[in-house]
Amino acid sequence: MEATTNDQYLCFTCGTPPEEVEDREVKKTACPRAAKLLQEFYDAKISLDTTFPYWYTRTWIKEEGQHPLVRRGLAMKSAFSHLEAAIRPDEILVMSRNKYVRGASITPWTANEFPLSDEERARKDSKKASNKALEEVTILATGGGVVSESTPEVLSMARRYGMRIEEHAALIEICRYWQNKSAEDTCWKWGTLHPEYDTLVNFKNAVLMAADMEYGNRHGRSVTNYQIVFEKGFQGMIDRCKELIAANVGDGTAVDKVAYWQATIYAIEGVQTWVRKYASEATRLASIEEDAEQKVVYEAMAARLEWISSNPPRDFMEALQLHWTCQLEVYNEMQGSGFSPGRLGQVLYPYWKEDIDKGSITREQTLEVLECMRVKYTELEIATCAGTTGILAGNTFNNICLGGVKPDGSSAENELEYLFIQAAINCPTVSPTLSIIYDGRLSNAFLQKGIECNKTGCGMPAWVSNRVGIEYCMKNHSCEGITLEDARAWSVGGCLEIQPGAVYDNKIGAGSYSSSGINFINVPKILELVLFDGVDPRTNVRVFPATGKKYETFDELMDTFKAYFGKVIQIFEETYNMKVSATFELDQPLLFSALSADCIEKGADIDHAGSRYNRCFTTWITGQVNTANSLASIKKNVFDDNAFTLDELKDVLLNNFGFISALDTGNFSMMEQTKNVSDPDWERIHALCMRAPKFGNDDAYVDDIYVQVADCFLESVEAITDVFGNKWCASMLSVGTHGPLGQADIASADGRLAGVTLADGGQSPYPGTDQNGPYAVLSSATVIDHTNFKNTQLNMKLHPASIKGNMGSAKMLDMIRSFMDNGGFHIQFNVVDSRMLKDAQENPNNYRDLLVRVAGFTQYWCEVSKPIQDELIARTEYEEV
Amino acid sequence: MMCDKCKDCTNLSARDVFNGVCLISKETVSIDAPVCKKFVRADKCKYCSKYIASEKDSNLGTCDGDMVYPDLAGCEDFILAE
Ligand code: SF4
Ligand code: SF4
């Protein structure tokens with residue numbers, strides 16, 4: 001058996017790294033208060049609490065017969081009202097999803113199956129288009145706060161969450177109640193009505209797609225609008241709903257609207273009770289606190305909470321607390337991810353400026369509370385099945401956008417946003433992630449502040465192009481009559497999805513439907529189906545009918561690839577339309593809708609097109625770079641050079657080029673793989689596959705094929721209309737899907753071996769294959785028109801030495817500018833020495849706070865799964881910019 | 001016989017399903033640790049007069065016919081059992 005590093009074909013460094021491992025240039029420390037809270041976070045295990053689902057379900061049962069919306073509003077009110085208040089020492093910004101630091105709750109009215117026993121699930125799984133096949137190949141992280149194993153007192157659920165054994169029997173009872181009633185089961189029943197449902201089941205069994213989004217993670221990748229609650233306060237929102245009920249109650253056609261307003265009132269009342277419980281708890285803690293200073297902190301906290309439970313905020317601290325309460329209420333209401341704060345620094349700025357001018361807050365105090373806020377966001381958890389957990393990689397995708405322009409087109413940067421960046425520099429936390437909306441009108445000092453943050457290695461800010469964002473909105477939301485002001489107010493929802501703004505009362509805000517849809521199509525698998533005549537070669541599942549087609553030309557093969565790609569997208573999107581519309585009366589987002597312009601005024605939640613902009617149904621893809629590379633290899637080797645035949649290729653792919661599968665070696669990058677059969681012909685073919693043109697080198701041979709893949713994707717996606725009558729949207733990023741989907745793929749014609757993680761992002765070259773320097777990567781990445789896609793994504797790994805000092809900062813900024821000027825949308829960086837990552841993999845206990853950028857999000861290294869860790873180590877490291 | 005633990009005390013701020021911080025001592029404690037002299041019983045269903053324990057499963061009970069579980073935080077109708 002022969003271990004190989006594959007470095008005769010691949011180069012994992014571009015340039016020569018310094019002899020000694022080099023740490024990041026910028027290293028700061030969190031303020032004492034945030035440092036203590038961060039330590040508490042590091043010590044905390046991810047924990048499930050049953051209070052919310054218990055009271056929701058008990059009230060739902062009791063209220064049978066009510067209008068579905070009213071019934072949901074009452075259930076929501078009950079669930080929020082019964083949550084416990086948990087305030088921890090050293091907190092100034094308070095409230096958590098439930099009593100635990102890293103607490104989550106299962107929402108069984110949405111997804112009720114995964115907590116049930118394997119036997120119970122198995123009864124349905126045989127006929128269900130389920131995540132089971134995906135879960136089998138998903139490898140999850142085991143470090144940090146993950147509870148991967150059960151103890152006598154605590155059960156490990158979905159290999160990530162800890163649950164008290166005392167609560168498990170009740171949770172199972174609750175999940176059984178929701179059988180055949182939940183969104184998950186409703187989706188399944190409706191999905192079966194599609195004439196090609198059996199093909200869909202085979203798609204899922206072949207892992208042609210990552211997890212189901214229609215119930216598991218339907219809402220999110222959106223931006224919360226705080227202007228509404230900041231203007232009216234919770235009581236003002238309730239009063240507005242009451243006014244609208246009074247004005248419409250005599251209209252017989254307005255029943256659903258009245259029900260919506262009444263449900264919203266109930267849900268907000270539940271939140272008010274929850275906030276007041278916190279106020280009471282703060283008062284109680286003040287009464288037993290012996291430390292005079294801490295007593296004052298508790299008293300101020302109690303007064304702030306009591307005020308915001310009804311009223312609009314009067315100052316920065318009240319506004320910050322109220323925004324956080326809104327974030328939590330949305331996460332508790334739904335099983336979703338990526339409810340982003342958007343342009344939070346710009347929304348909060350007027351409150352802060354007034355306080356600073358008055359002298360009621362200092363910059364140091366602001367920084368302290370912003371660091372504490374970062375810990376709060378980092379604590380957020382959502383509970384999903386193992387398959388979805390693998391995709392999300394434990395992140396909740398809360399994105400704060402900085403910079404950009406105001407609705408009038410002038411620069412939007414402000415001093416508070418500098419403090420947002422400084423808080424991320426000081427406090428090593430994963431969330432909220434930061435994105436700078438790059439625009440030529442931003443000051444050099446502001447951009448340099450962003451670079452300083454990048455140099456900490458925390459992976460943020462990501463850089464996104466304002467021009468592309470605005471152009472995307474104007475082009476893709478013109479069908480909904482978007483205004484230039486709203487387009488300028490755009491923001492990133494989730495890790496990267498462009499969401500149009502919704503200027504509210506002349507202020508920057510948000511108001512669009514969630515980015516929801518087909519959660520990552522496994523593009524390399526489609527090429528496998530082409531080569532193996534419709535059969536998935538890993539599972540032997542027949543996905544498409546046999547044709548026996550022999551390909552005489554590359555174009556013929558490409559035509560079949562495009563036809564399959566289109567068919568896969570069509571079936572996924574059509575069934576998604578059917579399935580989600582069947583759930584619109586089951587788990588409506590009442591509170592998130594109330595925080596989206598213009599739902600309350602229209603009398604409709606976001607599932608009933610209440611938002612100002614609704615063209616957001618989205619299909620994402622993963623592995624398109626591997627696919628373009630594989631197609632280039634086939635074109636060159638099989639059709640141009642006749643170096644081997646398609647049958648020879650298929651044979652060698654099935655035999656993994658003579659190597660052991662990554663699933664058996666446990667190594668998931670091309671850096672370290674093990675050969676067990678030395679066959680000279682297989683070796684020859686592998687060498688030719690590896691040497692074929694690769695995306696990321698400014699090579700038109702392969703870049704043109706990449707464009708064809710992207711065009712086919714866009715056309716197929718837009719060919720289908722969503723439930724609101726708009727075209728579906730196309731999106732290219734990977735999140736954590738390049739791990740599990742790679743594990744479900746056999747070896748590919750680009751030379752990648754079976755089970756090895758795919759290329760990350762949308763335009764990131766495959767690790768070790770980009771050998772012509774960073775500007776060649778940027779050239780390849782801009783061969784497509786980025787304004788056609790809801791997002792695109794490029795990751796780069798820079799050695800800290802490559803951007804050291806002022807000169808290094810200037811070079812990095814030049815590179816970003818060049819990318820944006822050439823039409824790129826998004827670029828993000830890992831600034832790290834790969835040898836440090838290798839050491840961290842071997843000695844995780846020495847690196848609890850090490851952060852890395854994955855694909856659209858930052859994560860603690862120890863909470864990243866091995867397949868993604870291996871890919872991060874292997875990503876090409878640039879020694880010079 | 002049911003023994004009180006730190007998880008049953010109002011002075012516990014639960015960190016996770018294993019540990020918490022005692023708000024009196026400010027120390028980390030196991031939520032399964034036996035209680036100290038400063039213990040103040042939290043309102044939980046298992047201490048409520050309406051709670052009827054299930055004979056089949058010690059982790060389930062009923063309250064006015066509705067399923068409840070012993071460690072559920074007490075609701076607004078909580079009345080301490082005799
Ligand atoms: S006061 Fe005593 S019983 Fe209560 S949490 Fe602290 S140590 Fe445990
Ligand atoms: S009345 Fe409330 S506290 Fe008492 S058993 Fe019922 S639910 Fe629990």
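For clarity, every value in this text was computed on a predicted model and none was experimentally measured.

Undergrad: Describe the sheet that holds strand E3 (residues 28-30) of chain B, listing the residues and the values that go with them.
TA: Residue and element names in this part refer to chain B. One open sheet holds the 3 strands; their spatial order is E1-E2-E3, and the pairing between them is antiparallel. Across the chains shown, the open sheet's two edge strands, defined by having one partner strand only, are strand E1 (12-14) and E3. Geometrically, the sheet is characterised by an average inter-axis angle of 40° between neighbouring strands, direction not taken into account. Both E1 and strand E2 (residues 19-22) contribute to a ladder of 3 bridges, which runs antiparallel. Paired with Ser13 across the bridge in E2 is Val21.

Undergrad: Any details on the environment of Gly338 of chain A? Residues and values, ideally.
TA: Residues and elements named next belong to chain A. Assignment of secondary structure puts Gly338 in strand E8 (residues 337-340). Here Gly338 falls in the buried class, since 28 other C-beta atoms lie within 10 Å of it. With 61 residues separating them along the chain, Gly338 and Asn399 place their C-alpha atoms 7.4 Å apart. Non-local contacts of Gly338, meaning those with residues more than four positions away in its chain, are made with Gly220, Arg221, Ser222, Thr396, Phe397, Gly493, Gly494 and Cys495.

Undergrad: Lay out the environment of Thr62 of chain B in plain terms, naming residues and giving numbers.
TA: Residues and elements named next belong to chain B. Mapped onto the elements, Thr62 comes out in strand E5 (residues 61-63). Residues Thr62 and Cys45, spaced 17 residues apart in sequence, show a C-alpha to C-alpha distance of 9.3 Å. When neighbours within four sequence positions are excluded, Thr62 is seen to be in contact with Ile52, Met67 and Val68.

Undergrad: Describe unusual backbone geometry, listing the residues and the values that go with them.
TA: Apart from glycine, the bulk of residues carry a negative phi angle, and the bulk of peptide bonds sit in the trans form. Residues and elements named next belong to chain A. Backbone torsion omega between Ser431 and Pro432 reads -5°, so that peptide bond is classified as cis. Residue position: Pro432 is located in the loop between helix H17 (415-426) and strand E10 (433-438). At the junction of Ala597 and Asp598, the peptide bond is cis and its omega measures out at 10° in the coordinates. Along the chain, the position of Asp598 falls in the loop between helix H23 (590-594) and helix H24 (599-602). Notably, Met95 is not glycine yet its phi reads approximately 95°, a positive angle. Take Met95: it is sitting in the loop between helix H3 (68-81) and strand E4 (103-104). For Met95, a count of 21 C-beta atoms within 10 Å translates into the label buried.

Each value, and the rule that gives it
- Numbers given to residues run from 1 along each chain, matching the order in which its sequence is written.
- Just so you know, chain letters begin at A and ligand numbers begin at 1, following the order they were written in.
- In view of the model being predicted, local features appear only for residues whose pLDDT reaches at least 70, and side-chain atom pairs are presented and counted only at 80 or more, with totals across whole chains, interfaces and linings using the full set of residues.
- Strands are treated as partners if at least two bridges between them are detected by DSSP.
- Numbered from the N terminus, helices here are DSSP runs of H or I no shorter than four residues, and strands are runs of E no shorter than two.
- Throughout, an axis means a line fitted to C-alpha atoms (over the contacting stretch in the case of helices), and angles, computed between N-to-C directions, take values from 0 to 180 degrees.
- Around each residue's C-beta, the other C-beta atoms within 10 Å are counted; 20 or more make the residue buried, 12 or fewer make it exposed, and counts in between make it partly exposed. All C-beta atoms are placed from the backbone.
- Contact between two residues is assigned when their C-beta atoms, built from the backbone, lie within 7 Å.

The values reported here are purely geometric and, on their own, carry no functional implication.
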